[in-house]
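Summary of the model geometry
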Amino acid sequence: MKLLVTGGAGFIGSNFIRYWLEQHPEDDIVNLDALTYAGNPENLKGIDESRYSFVHGDIRNPEDVSRAMEGVDVVVHFAAESHVDRSIDGGRVFLETNVIGTFNLLEEVRRREKQIKRFHHISTDEVFGSLELDEARRFDERSPHDARSPYSASKVGAEQLVRAFCHTHDLLFTISNCSNNYGPYHHPEKLIPLMITHALQDKSLPVYGDGLNVRDWIHVTDHCRGIEAILEKGRVGETYCLGGDSEVPNIEVVKAILRHLDKPETLISYVEDRKGHDRRYAIDSAKARRELGWQPQYTFETGLKHTVEWFLANRDWWEPLLNNN
Ligand SMILES: NC(=O)c1ccc[n+]([C@@H]2O[C@H](COP(=O)([O-])OP(=O)(O)OC[C@H]3O[C@@H](n4cnc5c(N)ncnc54)[C@H](O)[C@@H]3O)[C@@H](O)[C@H]2O)c1
């Protein structure tokens, strides 16, 4: 089988490529990536190049998309602008890449209807909006969309487009909504790597607002295993929610990182809250567990330990990214 991975030079896409090449020695992968600030060829260093090819191209450009889809059986679509703070500062590129880029991929899948056996779209729990800290409810496949940042609005647009387009044209698709990932090759602009890299430099650790915002953390390898399970056992036309069953307030994440690194809590500094900051996300993955037999293998404790150790051992990877915008 030949897979097209879009955004495979980013955090989750590169972990997925590494995972897939290891687990599926008979398969080939094409990676279509524009190498934005978030795309880094170093993320793929050391992979088996004989089963991998790279197309330096942009999903906003239909010709690049068409070139990359040549001879492909399955598309796994990660490419996106992914940082909420950047979407608050300027949202246009989020719409162009996340919505129009997804549209270009769907158009090409439609053109190659007989060739493409599955289009898997990577979405996020952020499309469901925000939960209160004290409510029992978690998000699942029936939760309505309720975007609250330009990033999540663009991901709603993309997800709705996939569902509507594939329904109209009878295309073979699946969607996953995953909670917050962490792990190796995570860009240091995001919470966990930001805090690890700041602590390692004895710089202050900026925590938004009161630090009590809760995210449901999932180790990136568990996300990759979830996508694999959907491709292998998921029902066409279905959506699957993947979560880590690890709801942790941001301040507890930061304190746990400091403990792992044996650094003082005096490094923590509370800063003005993010505009429109969602309070809590939490995913109920019962459907994925029941239908796919999937469940996360890392707890937050084991996953965070693994991640901190990775950042300690890979300074050469993250140091050049610190001033890279
Ligand atoms: N990080 C998370 O916690 C999380 C959780 C759930 C879902 N997701 C989704 O997973 C996907 C991957 O997230 P990530 O954290 O790895 O993102 P990332 O920002 O680390 O990587 C995005 C990749 O897409 C590429 N890209 C951006 N614009 C492009 C374009 N126009 N054409 C081609 N390539 C382009 C970038 O170069 C980069 O390699 C996104 O769709 C995101 O919405 C992320």
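Quick notes on the rules
Residues numbered from 1 in each chain as written. Predicted model: local features only at pLDDT ≥ 70, side-chain atom pairs only at ≥ 80, totals over all residues. Buried ≥ 20, exposed ≤ 12 C-beta atoms within 10 Å, placed from the backbone. Pairing = 2+ DSSP bridges. Helix = DSSP H or I, 4+ residues; strand = E, 2+ residues; numbered from the N terminus. Axes fitted to C-alpha atoms, helices over the stretch in contact; angles between N-to-C directions. Contact = placed C-beta atoms within 7 Å. Near = placed C-beta within 6 Å. Right-handed = clockwise from strand over helix to strand, strands pointing away. Core = buried A, V, L, I, M, F, W, Y, C linked by C-beta atoms within 7 Å. Expected span 1.5 Å × (residues − 1).

Attention now goes to unusual backbone geometry. The phi angle of most residues is negative, glycine excepted, and most peptide bonds adopt the trans form. The residue Tyr-185 is not glycine, and still its phi comes out positive at about 65°. Take Tyr-185: there are 23 C-beta atoms within 10 Å of it, and that puts it in the buried class. Although it is not a glycine, Asp-262 sits at a positive phi angle of roughly 55°.

A word on the sheet that holds strand S2 (residues 28–33). Spatially, seven strands are ordered S3-S2-S1-S4-S5-S6-S11 in an open sheet, and the strand pairing comes out parallel. Taken across any chain shown, the strands that pair with only one partner, and hence form the sheet edges, are strand S3 (52–56) and strand S11 (239–242). Geometrically, the sheet is characterised by an average inter-axis angle of 20° between neighbouring strands, direction not taken into account. Of the strand pairs in this sheet, S2 and S3 are connected by five bridges, and their pairing is parallel. Bridging from a neighbouring strand, Asn-31 pairs with Phe-54 of S3. Each of strand S1 (2–6), strand S4 (74–77) and strand S5 (118–124) touches helix H4 (residues 92–111); the most contacted strand, S4, lies at about 175° to it. Seen against the sheet, helix H7 (residues 220–233) touches S4, S5, strand S6 (173–178) and S11 and runs at an angle of roughly 155° to S6.

Taken together, 29 residues sit near the ligand, with Gly-7, Gly-10, Ala-38, Gly-39 and Ala-80 positioned nearest. Taken together, the elements giving at least two residues each to the shell around the ligand come down to helix H1 (11–23), H4 and S5. The biggest single contributor to the shell around the ligand is H1, with three residues.

With that settled, the discussion passes to the pairing of S5. Of all seven residues making up S5, six are buried, and the element is well covered by its neighbours. In this sheet, S6 lies alongside S5 in parallel orientation, the contact comprising six bridges. Bridged to Phe-119 within S6 is Phe-173. In this region the chain leaves S5, passes through helix H5 (residues 150–169) and returns to the parallel neighbour S6; the handedness of that crossover is right-handed.

Let us now look at the environment of His-169. Summarising the element assignment, His-169 is placed in helix H5. Residue class for His-169 comes out partly exposed when judged on the 13 C-beta atoms lying within 10 Å of it. Between the alpha carbons of His-169 and Glu-113 there is a distance of 9.0 Å; along the sequence they are 56 residues apart.

The nonpolar side chains of soluble globular proteins are, as a tendency, buried together. In this structure, Leu-4, Val-5, Phe-16, Val-75 and Met-195 are the most contacted members of the largest nonpolar core, which totals 75 residues. At six residues, the largest contribution of residues to this core is made by H1. Each residue touching Met-195, except ones within four places of it in the same chain, is listed here: Leu-205, Val-254 and Ile-257.

This next bit is on H1. With 13 residues, H1 should reach 18 Å at 1.5 Å per residue; the first-to-last C-alpha distance of 19 Å fits that figure. The buried fraction of H1 is high, at ten of 13 residues. Turning to H1, its buried residues are Phe-11, Ile-12, Gly-13, Ser-14, Asn-15, Phe-16, Ile-17, Arg-18, Trp-20 and Leu-21. On its buried face, H1 sits against S1, S2, S3, S4, strand S7 (181–182) and H7.

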